[in-house]
Amino acid sequence: MRAIEVVLDLPGEYDRPREWHIETRQMAVQPFFFGTGAELLFGCYHAPGPATHRTSAVVLCYPMGEEYIRFHRAWRYLAARLAEAGFPALRFDYYGCGNSAGDFEHGSIDRWRADVSAAIGQVRRRCGVSRVCLIGLRLGATLSMVVAAERADVNGLVLWDPVVSGPAHVAELAAAHKEMLAKALVMPERPTRGPLPTEVLGFPLTHSLVTDLEQIDLLAVQQRPANNVLIISSHEQDTQRPLEQHLRRLGARVAYQRSPIPDVWEWNEDVGRVILPSEIVQATVAWMSAVYP
Amino acid sequence: MEEAELLGKDRDLVGVVTHPAVEEADSKLPAFLLLNAGSVHHVGPNRLYVKIARHLASLGFMALRFDFAGVGDSPRRRDRLPFGESAVRQTQEAMHHLTATRGIERFVLMGLCSGAVFSYRMATFDPRVMGAVLINAWGHLHDGADGRLPPHIVNRVLVHYYARIALRSSFRTKVWRRALTGGMDYGARVPLALKLARNRLFGRRKQATPVEADSAARMQQLAERSVRVLHIYSEGDKTLDYLQVALGDRLPEWRRRGWLDVRIVRGTNHTFTPLWKQRELVDIIGTWAQNLLDEPRPPAASPP
């Protein structure tokens, strides 16, 4: 089984989520806000388990918008498994996302890149290690790679379905929103004028964010972002091979994990549905443990 | 200002307190607790809970969003209680936390979907709860069934839902256009429609108003305790049909008696995906909460 789907329905259905049988150990989670001034970011720190002492910490970079909500559980699960394996792990919300300060419409790629750097500083201060690995999903993976290429202290990268091309991503978002409008019982505030909507699946899509997104081109990154990179490709179509080749050309040691789980990429308004892609989580923890013993 | 906190008897439930945006917080005002919508963590679907909490804070209220054990950021518990029972205890622990740390003794519980069901359940027996905001609540008036509705009620709700959406809702043009242009998933819907029609025509007749008598008594008790209950329903959600089927002819009467305050948000789905509908929801809750500011503030009751 590639993905474990936990369906939590209304209260009567709640009694025994299958996930409870999967989580065999529990590690303490430390929630906190960090940063300065009024624009604080929210983080959850997973202290490492006592079994193994690792010399690398991990920062997990969420995807954005609706994908953040959908993958929150998977991210927590991954952070917990990494901590069990001995890696200090920090999940954090970008500015305007999750619990962090601000509104999503005021976020920007530059701001979120700075947030990733702030999270790296935070995890290093918390656990005292100097080496940091970034694990990102979708736009979070893109930010991870861009930030890693700008810094010298990121050793490892896990890029789970990164957004490689900004224009293609914007077109994807617009198509997903259009499909939702066609399927769901919702009425738009006004008909979409022009090729792009002003919101996508419950989150704003501002003109400035579109401009930011359209600048993304991971194949144009010329600095090796990290020595070791794991690329995970879970979309139905395997679209990450050009990035793999590009990173190899930059001198990175690249591992490639192909685990298609197409269902999880479809918009769904069922609040009782959680996706735990256990194969990907296991592969990530195994790769991290092997590369950073 | 917001603070991240660990609460509950084991101090392992992850929550975020949003403080009122005023110089001096009034501890006589109730605090709002936002309970998980299904398995969505404490930011809520489409980050709605964050928006609601911050809007309430701008009006002077404290708000706490937290995750039940095994949901969102909170680890599972070892108490081995059924989730429903455990969730009630955890909500009480969250109220104890705000009493112990901030001196707050009155609460309004709020949630979407299952969060609404737990909010209602708590309101019926905990005297510290002086209000509840139930967003797309389903099955709460059949509380004894613990969320599992009898099949004949589910059938009636679905028949009501499909008829309403196709004939009377603001989506009717959209759904007919989809149906006529082949955009409908007939493979799934036709067998369901046939089954519902068969049950409707040949199934055994059940009582006309299936809501239990004790549910009416609970609603009356809430009114006598002056517990304010606001129901908010999305037009595109079948939970609205649950309310209409469950109460039947009693719905207008209960509204007249002041037991039910029902707002219907047109043009939206279960999770309020369109941004303008999110704003409408936040405004409805804010307006309702502002009325609490004008109410007399009695001394708080002791916890049970």
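The rules behind the values
Residues numbered from 1 in each chain as written. Chains lettered and ligands numbered in written order. Predicted model: local features only at pLDDT ≥ 70, side-chain atom pairs only at ≥ 80, totals over all residues. Helix = DSSP H or I, 4+ residues; strand = E, 2+ residues; numbered from the N terminus. Rg over C-alpha atoms; globule rule 2.2 N^0.38 Å. Buried ≥ 20, exposed ≤ 12 C-beta atoms within 10 Å, placed from the backbone. Contact = placed C-beta atoms within 7 Å. Pairing = 2+ DSSP bridges. Axes fitted to C-alpha atoms, helices over the stretch in contact; angles between N-to-C directions. Domains from an automatic or database assignment. Nonpolar A, V, L, I, M, F, W, Y, C, P; charged D, E, K, R; others polar. Core = buried A, V, L, I, M, F, W, Y, C linked by C-beta atoms within 7 Å. Left-handed = near helix turned anticlockwise from the far one by under 90°. Expected span 1.5 Å × (residues − 1). Bend = angle between axes of the 7 residues up to and from the residue. pLDDT = per-residue confidence, 0-100. Parallel < 35°, antiparallel > 145°, perpendicular 65-115°, else oblique. Right-handed = clockwise from strand over helix to strand, strands pointing away.

Student: Any details on the overall build of chain A? Residues and values, ideally.
Tutor: Along the backbone of chain A there are 8 helices and 12 strands. Against the compact-globule benchmark of 19 Å for 293 residues, chain A has a radius of gyration of 19 Å, which places it among compact chains. Its C-alpha atoms put chain A at 55 × 50 × 45 Å along the principal axes. Split into buried and exposed, the 293 residues of chain A put 46% on the buried side. Counting contacts in chain A only where the partners sit at least 6 residues apart, residues at least 24 apart contribute 70% of the total.

Student: Break down the overall build of chain B for me, with residues and values.
Tutor: Within chain B, the regular secondary structure consists of 10 helices and 8 strands. Looking at chain B residue by residue over its 304 residues, the buried ones come to 47%. In chain B, once contacts between residues fewer than 6 apart in sequence are set aside, the share between residues at least 24 apart is 70%.

Student: Can you explain the sheet that holds strand S5 (residues 107-112) of chain B? Please cite residues and give values.
Tutor: The pairing of strands in a sheet happens through backbone hydrogen bonds and is either parallel or antiparallel. Residues and elements named next belong to chain B. One open sheet accounts for 8 strands, arranged S1-S2-S4-S3-S5-S6-S7-S8; its pairing is mixed. Taken across any chain shown, the strands that pair with only one partner, and hence form the sheet edges, are strand S1 (2-7) and strand S8 (261-265). Averaged over neighbouring strand pairs, the angle between their axes works out to 20° when direction is ignored. Sheet topology note: the strand S7 (residues 228-234)/S8 ladder contains 5 bridges and is parallel.

Student: I'd love a proper account of the domain arrangement of chain A, names of residues and values included.
Tutor: Residues and elements named next belong to chain A. Taken domain by domain, chain A comprises domain 1 (4-163 + 217-291) and domain 2 (166-215). One C-alpha centre belongs to domain 1, the other to domain 2; they are set 24 Å apart. On the domain 2 side, the residues contacting the 10 residues of domain 1 number 14 residues. Taken together, the residues that form the side of domain 1 that touches domain 2 break down as 4 nonpolar, 2 polar and 4 charged.

Student: Could you give me a rundown of the nonpolar core, with the residues and numbers involved?
Tutor: In terms of nonpolar packing, the biggest core is built from 164 residues, with Val59 of chain A together with Leu33 of chain B touching the most fellow members. With 11 residues, the single largest contributor to this core is helix H2 (residues 65-84) of chain A.

Student: An account of the packing of helix H1 (residues 48-58) of chain B against helix H10 (residues 275-293) of chain B is requested, with residue identities and associated values reported.
Tutor: Residue and element names in this part refer to chain B. Running from amino to carboxyl end, H1 crosses H10 at an angle of 35°, the nearest separation of the two axes being 10 Å. Like other packed secondary-structure pairs, H1 and H10 cross with a definite hand, here right-handed. For the pair H1 and H10, contact is made by Leu48, Lys51, Ile52, His55 and Leu56 and by Gln278, Val282, Ile285, Gly286 and Ala289, respectively. Within the contact of H1 with H10, the residues separate by chemical class into 6 nonpolar, 3 polar and 1 charged.

Student: Describe the domain arrangement of chain B, naming the residues involved and giving the relevant values.
Tutor: Residues and elements named next belong to chain B. The domain architecture assigned to chain B consists of domain 1 (2-147 + 211-293) and domain 2 (156-202). Contacts between domain 1 and domain 2 engage 9 residues on the former and 9 residues on the latter. A per-class count over the side of domain 1 that touches domain 2 returns 2 nonpolar, 3 polar and 4 charged.

Student: So what's going on with unusual backbone geometry? Which residues, and what values?
Tutor: Residues and elements named next belong to chain B. Positive phi, normally seen in glycine, also occurs at cysteine 113, with a value near 60°. Located in the positive-phi region is phenylalanine 272, a residue other than glycine, with phi close to 55°. Considering the arrangement of structural elements, one finds phenylalanine 272 in the loop between S8 and H10. Given 29 C-beta atoms within 10 Å, phenylalanine 272 falls into the buried group.

Student: I'd like to hear about helix H4 (residues 151-167) of chain B, residue by residue, with values.
Tutor: With 17 residues, H4 of chain B should cover 24 Å at 1.5 Å per step; its first-to-last C-alpha distance of 24 Å lies within 8% of that length. The set of residues buried in H4 of chain B consists of Asn155, Arg156, Val157, Leu158, Tyr161 and Ile165 of chain B.

Student: Now, about the interface of chain A and chain B: what can you tell me, with residues and values included?
Tutor: Across the contact, 40 residues belong to chain A and 45 residues belong to chain B. Contributions of two or more residues to the side of chain A that touches chain B are made by strand S2 (29-34), strand S3 (41-46), H2, helix H5 (166-183) and strand S9 (203-204) of chain A. Partitioned by chemical class, the residues of the side of chain A that touches chain B number 25 nonpolar, 7 polar and 8 charged.

Student: A description of the sheet that holds strand S6 (residues 131-137) of chain A should follow, citing residues and the corresponding values.
Tutor: All names here are of chain A. Read from one edge to the other, the open sheet built from 8 strands follows the order S2-S3-S5-S4-S6-S7-S10-S11, with strand pairing classed as mixed. Among the strands making up the open sheet, the edge pair consists of S2 and strand S11 (253-258). Between one strand and the next, the sheet's axes are offset by a mean angle of 20°, whatever the strand orientation. Packed onto the sheet, H2 meets S3, strand S4 (56-61), strand S5 (89-92) and S6 and runs at close to 165° relative to S5.

Student: Describe H2 of chain A, naming the residues involved and giving the relevant values.
Tutor: Three- or four-residue spacings in an α-helix give side chains the same orientation, since the helix completes a turn every 3.6 residues. Residues and elements named next belong to chain A. Here H2 spans 28 Å end to end across 20 residues, near enough to the 28 Å set by a 1.5 Å rise per residue. In the structure, H2 departs most strongly from a straight axis at phenylalanine 71, where the bend amounts to approximately 55°. Judged by how many residues are buried, H2 sits mostly within the fold: 20 of 20 residues are covered. Immediately downstream of H2, the backbone of glycine 86 shows phi near 105°, a positive value.

Student: Explain the confidence of the model for chain B to me, using residue names and the numbers behind them.
Tutor: Residue and element names in this part refer to chain B. Averaged over every residue, the pLDDT of chain B is 86; the share at 70 or more is 84%. The low-confidence segment residues 205-209 (pLDDT under 50) makes 5 contacts with residues lying over four places distant or belonging to another chain. Across the whole predicted complex the pTM is 0.91, and at the interface the ipTM reaches 0.90.

Student: Got a sec to walk through the packing of helix H2 (residues 83-102) of chain B against helix H3 (residues 114-125) of chain B? Specific residues and values, please.
Tutor: Residues and elements named next belong to chain B. At a minimum axis separation of 10 Å, H2 and H3 run at an interaxial angle of 70°. One finds that H2 runs roughly perpendicular with respect to H3. In the crossing of H2 with H3, the sense of the turn from one axis to the other is right-handed. Of H3, the residues touching H2 (which contributes Ala87, Val88 and Thr91) are Phe118, Arg121 and Met122. Per-class residue counts for the contact of H2 with H3 are 4 nonpolar, 1 polar and 1 charged.

Student: Which residues make up the pairing of S5 of chain A, and what values go with them?
Tutor: Residue and element names in this part refer to chain A. Burial of the side chains of S5 extends over both faces: Ala89 and Arg91 are buried on one face and Leu90 and Phe92 on the other. When S3 meets S5, the two strands line up antiparallel, connected through 4 bridges. For tyrosine 45, the partnering residue across the bridge sits in S5 and is leucine 90. Relative to S5, S4 runs parallel, the two being bridged by 4 bridges. Directly across from leucine 60, in S5, lies its bridge partner arginine 91. As a crossover connection, the stretch from S4 through H2 into S5 is right-handed.

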